[in-house]
Structures are given as structure tokens and as C-alpha cells.
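Breakdown of the fold
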Amino acid sequence: GAMMNFRWLLLIGLMGWTGGGLFAQDETQADAGLQVPDSYVEQVKKTQAFMELSLQDAIRLALTNNLQLEIENYNEDLNRERIVGTRGFYDPVLQFGFGWNSSERPNTSVLDAGSGIPTTIFKRWTFNTNLQQNVPWGGALNLALDNNRFTTNSAFSFINPQYGSNFSLNLTQPLLRGFRETQTERQLKLFNLDTRISDSQFEQRVSEILQDVENQFWELVFAIQNHEARRKSLELAAIQHENNERRVQIGVMAPIEITSSRAEVATREQEMIQSEVQIINSQNALKRLLAPDPNAGIWNLSLLPSDLPQLRDVTIDMQQAIRTALENRPELDQIRLQVEKTDVDRKYWKRQGKPVVNLVAGVISAGTAGDVFQTALIDTTGDGVPDTPAGFEPNPNSPFFGNFSNSLGQAFGFDFLTYNIGFNLEIPLRNRSNEAQLAETAISERQLLSQLKDVQQQIMVDVRNAYEGLATRRKGLEAARVARELTEEQLDGENKRFLAGLSTNFEVLRYQRDLAEAQVRELRAEVDYQLALTALQKAMFTIVSDSDIVLARRDDD
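Before going into details, it helps to say that this report is about the structure given with it.

Definitions and cut-offs
Here the residue numbering is sequential within each chain, running from 1 through the sequence in written order. Confidence filtering applies because this is a predicted model: local features only for residues at pLDDT of at least 70, side-chain atom pairs given and counted only at 80 or more, and all residues used for totals across whole chains, interfaces and linings. With hydrogens and water set aside, each side-chain value is computed from the structure's full complement of heavy atoms. For helices the rule is a DSSP run of H or I covering at least 4 residues; for strands it is a run of E covering at least 2, with both sets numbered from the N terminus onward. Note on classification: 1.4 Å probe, protein chains only; a residue is buried when its accessible area is under 20% of the maximum for its type, exposed when over 50%, partly exposed between these limits. Pairing of aromatic side chains here covers Phe, Tyr and the six-membered ring of Trp, requires ring centres within 6.5 Å, and sorts the geometry by plane angle: under 30 degrees stacked, over 60 edge-to-face, intermediate tilted. We call a charge positioned above a ring when the Lys NZ or Arg CZ atom is no farther than 6 Å from the ring centre and deviates by at most 35 degrees from the ring normal. Cavities and pockets are found on a 1 Å grid laid over the protein atoms alone: a cavity is a set of points where a 1.4 Å probe fits but cannot escape, a pocket is an open set with protein on both sides within 12 Å along at least five of seven lines, and a lining residue has an atom within 4 Å of such a point. Grid points are joined across faces, edges and corners, and a volume is the space filled by probe spheres set on the points. Note that Gly is not counted as nonpolar here; it falls among the polar residues with everything else outside the nonpolar set of Ala, Val, Leu, Ile, Met, Phe, Trp, Tyr, Cys and Pro and the charged set of Asp, Glu, Lys and Arg. Here a residue-residue contact requires only that any non-hydrogen atoms of the pair lie within 4.5 Å. Patches here are clusters of residues that have more than 30% relative accessible area and form no salt bridge, with a 9 Å joining cutoff for like charges and a 5 Å cutoff for nonpolar side chains (Val, Leu, Ile, Met, Phe, Trp, Tyr). Computed by Shrake-Rupley with a 1.4 Å probe, the accessible areas treat only the displayed protein chains as cover when residues are assessed. Any carboxyl oxygen of Asp or Glu within 4 Å of a side-chain nitrogen of Lys or Arg constitutes a salt bridge here.

**Thoughts on unusual backbone geometry**
Backbone torsion omega between Asn-160 and Pro-161 reads 0°, so that peptide bond is classified as cis. Mapped onto the elements of the fold, Pro-161 is located in strand 5 (residues 159-174). Although it is not a glycine, Phe-414 adopts a positive phi angle of roughly 55°. Positionally, Phe-414 belongs in the loop between helix 10 (404-412) and strand 9 (416-426). For Phe-414, a relative accessible area of 43% corresponds to the partly exposed category. One non-glycine residue, Phe-541, adopts positive backbone phi at about 60°.

**Some remarks on the packing of aromatic side chains**
In this structure the tally under the stated criterion is ten aromatic pairs. The interplanar angle of 75° and the centroid separation of 5.4 Å between the aromatic rings of Phe-89 and Tyr-90 together place this pair among those described as edge-to-face. We classify Tyr-90 as buried; its relative accessible area is 15%. Joined through ring pairs, the aromatic side chains of Phe-127, Tyr-163 and Phe-404 make up one cluster. A cation over a ring is seen here: Arg-524 above Phe-222, with NZ or CZ 4.5 Å from the ring centre.

**Topic: the layout of surface pockets**
Here the largest pocket is characterised by a volume of approximately 480 Å³. Of all the secondary structure elements, the ones that give two or more residues to the lining of the largest pocket are helix 3 (55-65), helix 6 (183-249) and helix 12 (505-540). Its residues assigned to classes, the lining of the largest pocket shows nine nonpolar, eight polar and five charged.

**Topic: the environment of Leu-326**
Within the secondary structure, Leu-326 is located in helix 8 (residues 318-328). Given the relative accessible area of 28%, Leu-326 is considered partly exposed. Between the alpha carbons of Leu-326 and Ala-539 there is a distance of 9.6 Å; along the sequence they are 213 residues apart. In contact with Leu-326, not counting residues within four places along its chain, are Leu-332, Arg-336, Gln-456 and Ile-459.

**Focus: a nonpolar patch on the surface**
On the surface, Leu-94, Phe-96, Phe-98, Leu-131, Leu-141, Leu-143 and Leu-169 cluster together to form a nonpolar patch covering roughly 670 Å² of accessible area. Of all the secondary-structure elements, those providing two or more residues to the nonpolar patch are strand 2 (93-106) and strand 4 (140-152). Counting residues per element, the nonpolar patch draws most heavily on strand 2, which supplies three residues. For Leu-94, the location among the structural elements is in strand 2.

Read these as geometric descriptors, not functional statements.
Here it is in C-alpha cells:
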């Protein structure tokens, strides 16, 4: 009878027993000091501003706001401006010049300025226009219009003041060195390749950010699930403690067991509180990837992931994964583009070693006008025929009589033309600087090809590690799942033994702790499998396409 009463009272204390071995007790029956808090998610929704986000939401925010990606974007802007600046070499340059010159010198001969003129005086005004243009095939074009106004007191000048206009066109064109393969064209090709390298580096950085976002997202999921596992473990310990108190009250358990169970409650409560630190750290790490600046509103929100880890199988074998990586990885594209840059340098320096042969050609159209004077003759013999010089008089019938409009008309009418054409030849007897540049380029190319092979091997190692690591994580997850199921069965059996008086409070608490640890290990294994899957996607560089992201180069302004 005593044994029956004992078992009846014990069943009353454990009325919340379930088949899975977990206690379920109404919180109204618990001691106020042992109240188990709500889950972390419920607490946040009740007391804090929060944001629920899926993995895709996190990726979208990161690609929109991530500061590291914004920093990478500036590289493209810098390269674009370098290209624009280099093309400025072909921008025409318009020059204007104005000047005045006055000169006086004593005459030492009647031939200097004329008889009776002690000082020769020259005065000249100049105003010139010059247009210079570098042409893409290596030449230089010069278009000039020079104008001047000249006055003198010389008696030998029959046009005074004199207006002059010269319209000239000159071309200098390299035929060997510098023909098309110019320094400017070389820089443009290199900057365009740098832009493509920058695009590849941006894609690589996007993949790294995606991996960071996914890793931090799943770490936050684990932190919250770990907190929930610790909370449930605390709940089990609290129920066990309350039932121990009832057993002590009815005299079927020693009071020391209350101390033991209460200590276990305190320990599990401490573990639950410590798990909140992991949530805080994971949230802040994820926010850093999603926030556009330190004052963003997301810093004042609690993040609640809405996705849970899902077991996904890999449908390709290792060799397919390696081939995919060797086709997709941007690091290899970057090295190949560097090899293209050395090819540009090699062609340039090869041309620079050739002799200089320049074609020089030009045409000048001149015009002259002014106040034209002629010798005035008078009739001193009375025969009606002027035959004696008597000074100078204007000659408006002269074709050169006029001003700037007349001289400009002659210049642009091509009335008086001068042509010139020639060749300049320069042959280097030795060009060690060019030979050194070609040698450096060849060495750099061989170095890059060796680097390409090294990176290919490193990529193979990355894929192998990720692929085999994923398989290992899969096995670890299955083992953790089995271990958790067996631990649940062990706790269930130990609780039944405890009900039958065949086990102790210490053993029940130990199996509860083992179950909590097994649940945490299973959660960790699920997250580790997700991280390994992300690492494989990153190693194959399929993480961008798998995330339904299309990377497009921005159009130039």
C-alpha cells in the first residue's frame, strides 16, 4: 500500500509527462522565482522594434547598401575618368597671341632708311590664332592664322602701314615609330583592360559579400536556435526542480535533491543568458553587411531570420565542380587580362625600337595689304610728260592697297602659296632602354603564366576542400541527428526509470543536459552544412547565379 501511495503521489507531481520524454507544465503552477522566459523571438516581438528577413532579403539589402561594394564601385569610376583624361590628348587646343613691338636704331648708312633720316623706326602689332590637334594615328596637325600691322619711317618701304596675314597648315606624321601604336593609344588600351579587371574584381567582391552575408545569416539563425535550445533545457530543469520540491514535501525525497536541481536551474539559466551574447554579436556582424552608414535605421532594429537550414543535395561530381570553377572564377580572368596588358606593352615597345621616320608637310597662304605709295612725277620741261620725281603719292590702283580685309582675302583666297614636304630620319645606333623594356615585358608575361597555373591549382584545392568538406558535413549532420534522437530516447527511458524509482534526480538532469547539447550539436551541424554548401558555391563561383543576381556594368555618363 505504501508503494502504491508513493507512485500515485509521484504521478500527480509529473502530470505533464509526454511520450517524448519532455515535461510540459502550466507556468501558473511554477514558482515565481523559476519562471521560464518566452522564446527570444516572442520577447523581441513583444518588446522591441524588429525586422523579419529571409536570406534573399538579406542578400538584396547587402547588394543595395553594403559599403564595401560601394567602395569597389569607385574603382570603376576612377578607371572611367582615367580613360576620359587620356583621350584628352586628342582634344584640340586653341591659342591666341597679341603683341606689340617698337624698335628704334640709328642709321649708319643712307641705305638704312633713306637720305636725311637719322633714325630708323619700326613698330609692329601682332595678333595670331593657332589651333593644334593630335590625331589618333600618331600625327600632329597645326592650323595657324598670323596677322600683323607694320609701320616704319623708312623711305624704302612703299607699303606703309603694311598689313600681313598668313594662313598655314602643317602636318607631322610618324611612318614607323609612333605610327598608330602611340603612348596615348597604349595607355587607352591598358586603362580599358584595367576597367575589365576592375569589373572582374567587383564580381569577385560581390561573391565574397554574398558568402559573408549567407554565413552571418546562418550564424544568426544558429544563435537564436541555440538560445531556444538552452531555454527549453532550462524549462526542463525548472519542471524537474518543482517536482522535486513536491517530493520533498511529501517525504519521498531528501531535501539535498532540491539544492541539486536548483543549482542545475541556475546553471542552465546562465547558459541561456550567455547564448544571448552570441545573438548580439551575430546580429551586429550581419547589420554591418546590410547597413549603408552608421546612422542607418537597421542598427536600431532586431533582426529575426525567417528561413531555416534546408538539406540540399549536390548534383554534380567533383570533376564537374572543378571544371565549373576553372571556367567561372574571376581570379583567372584577372590574370588573363594582365597577360593581355603585357601583350599591349610588348607590341608598343617593339615599335619603339624602330627608327624614326616622320613625314613633314605644310602649305602657307600669304596675304599683304596696306597704304601703297608710288613715286610722283612732275613735268619740269614743259613738254607735257611727267619726268621728274617729286616725292611719293598713294596708289589706290595697286592690288595690295587696302587693310586687313584685303590681306585676309588674299590669304584665304590662296593667292600666294608656299608648299613644303620632307622626311626626318632618326636611326638609334643602340637602344638598350628599349631592349630592357622588351625583356621586362617578356619576363612579366612568363611570370603571369606561372601565376595562372598556380591559381588554377589553388582553385582546384579550394573546390576539393569545399566538395569533400560538404560531404563530411553531411555525414556529421546525419550523425548529429541520430545522436539527438538517441539522446531523446535515453532521456525518455531515464524518466521512466525515475518514475519507477530506479534512477536518481542527478541522472535525469544529466540526460536533460545531454539532450540540450545534442540538440545544439544538431543545429550546429545543420548550419555548418549550409556554410559548407555556400563555400562550394563560392569556390565554383556559382554563388551569384544561384542567388538570382545579374551583374551589369554601368553605362558611362
